Amino acid sequence: MIYQQAAAKELLENSDFLTAWETVWRDTGASVFQSRNFVLNWYSNFPDFPVILVTDWDGKSMSGLLTLTEQNGELLSAGLDLAEYQTWMLAPEKEQAFLEKLLTNWLQIFPDKLLHLKYLPASKSFLSIAQHVKWSKNLFFEAYEQPLMDVNQVDFLETELKKKNKKEKLNRLKRLGTLDFLEIHDQAQFESLLDEMILLNDFRKGAFYGKTYFMDEPERKEFLLRLFENNCLHVTVLMSNDQMISFNVGMKDAHTVYLQGLNGHHPKFSKYSPGILLFLMLGVHLNKTGYHCFDLTPGGADGYKKSLSTSIGTAYDCYMGSEQLIAKLKFKDKIKEFLKPRLQGKKIFGEEYDNLSNFRFKMKLKLKTLKSKLPISRAKEYTCFLNEETQVIPLEDFKWNVLKSKTSCTIHSNEYRDLFLYKEISSNRSIYSVLSDCMLRIENGQELYTIVEKNCLKGIAWYIPVDPKRKGGLLQDAIAYSYLQDPTVHQLDELVKKINQDFSDTVNGESMQVQIAAKNSLFGGN
C-alpha cells in the first residue's frame, strides 16, 4: 500500500510501525540508507519534501518498506543524493511478489510520474522482473560499476602505501612536522571541524563540478550532526601540525563504511595527494576496528576509485513508470550511447568531453566567459601568470593608476570563506568560474588575499612567490590582481604591508611588481 503525506506522517509517529521498521532493517541486512535514523532525520531536516511510504504494514507487522519523496515531478528515494543506495527493505523470498504489486499499484496511482531509484543494489528478483516481457516496458535501468575495498586485504593496502610515489609523499609530509591519522569519536570535536570540512568540500566541488551543496542547502550540516549523534557516521582526518589536510565523513552500518557524506582535502596540500593517502590509511584502520568493507560507491569508477578497489560490484540506475515515459527515456539513452563513443577523448570548443553532466557545466561556464570577453579560467596566462603573457608594472607606477580613497575594507589572507561572498551581479563571471581559477592558483602555490567590505567580496589578489624551477615561473615576487574592482591606493598599501608581515623573511616590498594578465581588461590590461 502507498501512504502519502498525512497518512505517511501518522505512520512515522506510530511506535509499533517504527519497531517493525527496525526489525525488518536488521533482519534484511539493509544499508544505513534504509535505516530509521537516516530516513527520519532526513524527513525532519528537509520538511519541505513530501513523505511517501510504500509498505505492506497491516497494523501489527510488515515485511517490506520503501521510503520516498518527490522532487521536480519525479518520485525519488528519501535522502535524494544523500542516500547513495536507494532501494527497498525486503526479505529476498518476498521481493518478487512485492515488486509486482508495487508496479501494479504504481501505474494506477501515479500514471504520469516516474519512480527513480539511483544505485539500486543488484538482486535476482529485480533483474528477473526487469527482463520479464510483462514489465520490461515499464522499467528502464542502467548498470554502474560499484568499486569496493575489501579491508581484510591488508597486504594490498600496505603495499599501496609503500609504493614509491606514495611513500615519497608521506615522507615529505612528515618532514613538514607531525602527521596524524585520527578517527573522531567526540561530538564536540566533530562540530569544531565540520565548518572547515564543509568549506573545503564546497570549494572543491564548486570549482570542478559547479556544485556547492552546503551553501545551497544549509540543512545538510544539521543532518550530518544528527547522524553523528545517532552513530551513523564514521569520521577520519589526516592532520599535519594540527592542520586538517584531508578528511572523510562517511555513512556507516555494522560492517561497511561508505564514501558518501563529506570528503575532501586542503588545496595547499594537493601535491601530496592527501585524500588518497587518507583512504588507504582508512582501509587499514577499518580492518583493525572490525569492519569488512570500504564501499567506494558508484560514479567515477574509472578514476582514483579503481586504483583503491579490490573488487567491482554492480548497481543500477532504475526508472519505473508508464510505457510512454519509459519509451522516452530509452530513446534518450540510445542517442547518448550513439554519441558517447564518438565524443570520448575529443575536444569540443577546447573542452574535453568526459561525461555529459560535467561537459554541460564546462560549456556553460565557457559560454558565459566568452560572452564577457574574459580569458578562460584555465588559460595558462591566467592561472600561472607566465612572463611572456603578462603585463608587468612596477609597484610605484601601478599606484598612480588607481584612485586615492580611504575605505572600510578588510584584507584577509587565505580565508577561503570570503570567496563565497562573491556577488555575480558585480561581474559577468560566475562564482563557479571564480572558484575554479582560485583552486588552481592555490594548488600552484599562490597565496590568496581577499578584500572584503560590508560582507561583500570587493577584490581578490594573489602573492606569487619566486619560483625559478617552475616552467614560466616568476623571477621576482609579485602581486597579481584578479576579478572585481580596481584596488585603491589605500587598499594597495594595506595589502603590501600585510604581505610583508606574512612573508617578512622572503618578500622585498620595495621591488615587488604587479602582474596583470595581458588579456584581462578588468584592471587596466589590454
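Keep in mind that what you see is a predicted model, and the values were worked out from it rather than measured.

The rules behind each value
- Numbers given for residues are sequential positions, taken from 1 along each chain in its written order.
- Residues qualify for local features only when their pLDDT is at least 70, as the model is predicted, and side-chain atom pairs are given and counted only at 80 or more; totals for whole chains, interfaces and linings, by contrast, use all residues.
- Think of the side-chain values as coming from all heavy atoms in the structure, minus any hydrogens and water.
- Secondary structure elements follow DSSP: runs of H or I no shorter than four residues count as helices, runs of E no shorter than two count as strands, and numbering proceeds from the N terminus.
- Note on classification: 1.4 Å probe, protein chains only; a residue is buried when its accessible area is under 20% of the maximum for its type, exposed when over 50%, partly exposed between these limits.
- Whether two residues are in contact is decided by their heavy atoms, any of which lying within 4.5 Å being enough.
- Residue burial considers only the protein chains on display, and all accessible areas are found by Shrake-Rupley using a 1.4 Å probe.
- Candidate patch residues must exceed 30% relative accessible area and have no salt bridge, after which like charges are joined if within 9 Å and Val, Leu, Ile, Met, Phe, Trp or Tyr side chains if within 5 Å.
- For this document, the term salt bridge refers to a Lys or Arg side-chain nitrogen within 4 Å of an Asp or Glu carboxyl oxygen.
- Helix axes are fitted to C-alpha atoms over the stretch in contact, other axes to C-alpha atoms as well, and angles between N-to-C directions run from 0 to 180 degrees.
- Roughly parallel means an angle under 35 degrees; roughly antiparallel means over 145; roughly perpendicular covers 65 to 115; every other angle is labelled oblique.
- A pair of strands is labelled paired if DSSP reports no fewer than 2 bridges between them.
- For this analysis, a nonpolar core means a set of buried residues of the types Ala, Val, Leu, Ile, Met, Phe, Trp, Tyr and Cys, connected via side-chain atoms within 4.5 Å.
- Here the arc refers to the directions that run from the helix axis out to each C-beta atom.
- In this scheme the handedness of a crossing depends on how the near helix is turned from the far one: anticlockwise by less than a right angle means left-handed, clockwise means right-handed.
- Just so you know the grouping, Ala, Val, Leu, Ile, Met, Phe, Trp, Tyr, Cys and Pro go in nonpolar, Asp, Glu, Lys and Arg go in charged, and all remaining residues, Gly too, go in polar.
- Expected helix span is taken as 1.5 Å per residue step, with the number of steps being one fewer than the number of residues.
- In this analysis, rings of Phe, Tyr and Trp, with Trp reduced to its six-membered ring, are considered paired at centre separations within 6.5 Å, and the interplanar angle assigns stacked below 30 degrees, edge-to-face beyond 60, and tilted for intermediate values.

Student: Sorry if this is basic, but what is going on with the overall build of the chain here?
Tutor: Each helix and strand counted, the chain has 18 helices and 21 strands in total. Residues classed as buried in the chain amount to 53% of the 526 residues present. For the chain, contacts bridging at least 24 residues in sequence account for 72% of all contacts bridging at least 6. A total of about 25300 Å² of accessible surface is found on the chain, and carbon and sulfur atoms cover 50% of it.

Student: Would you explain a nonpolar patch on the surface in this entry?
Tutor: A contiguous nonpolar patch, built from F331, I335, F338 and L339 and spanning about 400 Å² of accessible area, is present on the exposed surface. Summarising the element assignment, L339 is placed in helix α13 (residues 323-343).

Student: Is there a simple way to explain the pattern of salt bridges in this structure?
Tutor: Going through the model one piece at a time under the given rule, you end up with eleven salt bridges. E70 is the salt-bridge partner of K113, the closest N and O atoms lying 2.8 Å from each other. Residue K113 is located in the loop between α4 (92-109) and β6 (114-121), and its partner E70 is located in strand β3 (residues 64-71); the two are separated by 43 residues in the primary sequence. The class of K113 is partly exposed, set by a relative accessible area of 24%. A salt bridge links K163 to E160; its shortest N-O distance comes to 2.8 Å.

Student: I would appreciate a short explanation of the packing of helix α6 (residues 154-162) against helix α7 (residues 164-175) in the present structure.
Tutor: Where α6 meets α7, the axes come as close as 5 Å, and the angle between the chain directions of the two elements is 70°. One finds that α6 runs roughly perpendicular with respect to α7. Of the residues in α7, those in contact with E160, L161 and K162 of α6 are K164, K166, K167 and L170.

Student: Would you mind showing me how to read the environment of Y463 here?
Tutor: Tracing the backbone shows Y463 in strand β19 (residues 456-464). For Y463 and L448, which are 15 residues apart along the polypeptide, the C-alpha to C-alpha distance reads 6.8 Å.

Student: I'm lost on unusual backbone geometry in this one. Help?
Tutor: Comment: phi is negative for the bulk of residues other than glycine, and the bulk of peptide bonds are trans. One non-glycine residue, Y119, lies in positive phi territory at about 55°. Within the secondary structure, Y119 sits in strand β6. The phi dihedral of S273 falls on the positive side, at around 50°, and the residue is not glycine.

Student: Help me understand the pairing of β3 in this model?
Tutor: Regular strands place side chains that alternate from one sheet face to the opposite one. Burial of β3 is extensive: six of the eight residues sit out of reach of the surface. Across four bridges, strand β2 (residues 52-55) lies against β3 in antiparallel orientation. Considered in β3, the bridge of V54 is made with L66. Here β3 pairs with strand β5 (residues 89-90) via two bridges, running antiparallel.

Student: Just checking my understanding: could you explain the nonpolar core for this structure?
Tutor: One recurring pattern in soluble globular proteins is that nonpolar side chains are buried together. One finds F17, W21, L53, F190, M197 and M251 to be the most contacted residues of the largest nonpolar core, which totals 78 residues. No other element matches the ten residues that helix α8 (residues 187-209) contributes to this core. Not counting chain neighbours up to four residues away, the residues in contact with M197 comprise F190, V235, V237, M244, F247, V249 and L262.

Student: Looking at this model, I keep getting lost on α6. Mind explaining?
Tutor: Two residues of an α-helix separated by three or four positions point the same way, owing to the 3.6 residues in each turn. Taken together, the buried positions of α6 are occupied by V154, L157, E160 and L161. The arc that holds every buried residue of α6, seen down its axis, measures 130°, which confines them to one face. Opposite the buried face of α6, by more than 90 degrees, sit the exposed residues D155 and K162. Among the structural elements, β7 (139-150), α7, α11 (274-288) and α12 (304-308) are those in contact with the buried residues of α6.

Student: Is there a simple way to think about the packing of helix α3 (residues 36-45) against helix α10 (residues 219-229) in this case?
Tutor: Each pair of packed helices can be described by the angle between their axes along with the distance between the axes. Between α3 and α10, the least distance of the axes is 10 Å, while the angle of their chain directions is 150°. With respect to α10, the axis of α3 lies roughly antiparallel. In the packing of α3 onto α10, the handedness of the crossing is right-handed. Residues N37, F38, N41, W42, S44 and N45 of α3 form the contact with α10, whose own contacting residues are E219, E222, F223, R226 and L227. Of the residues belonging to the contact of α3 with α10, the class tally is four nonpolar, four polar and three charged.

Student: I would appreciate a short explanation of helix α17 (residues 431-443) in the present structure.
Tutor: Here α17 spans 18 Å end to end across 13 residues, near enough to the 18 Å set by a 1.5 Å rise per residue. The element α17 is largely enclosed, with a buried count of eleven among its 13 residues. Taken from the residues just after α17, G445 is the one with a positive phi, measuring 90°.

Student: Got a minute to help me understand the packing of aromatic side chains in this structure?
Tutor: Here the distance between the centres and the angle between the planes together describe a pair of aromatic rings. Under the definition given, this model contains 21 aromatic pairs. Measuring from ring centre to ring centre gives 6.1 Å for F17 and W21, while their planes differ by 65°; the resulting arrangement is edge-to-face. Of the two residues, F17 and W21 both sit in helix α2 (residues 15-28), four residues apart, roughly one turn of that helix. What makes W21 buried here is its relative accessible area of 0%. Three or more aromatic residues link up through ring pairs in this structure, and these residues are F33, F38, W42, Y43, F46, F49, Y85, F223 and Y258.

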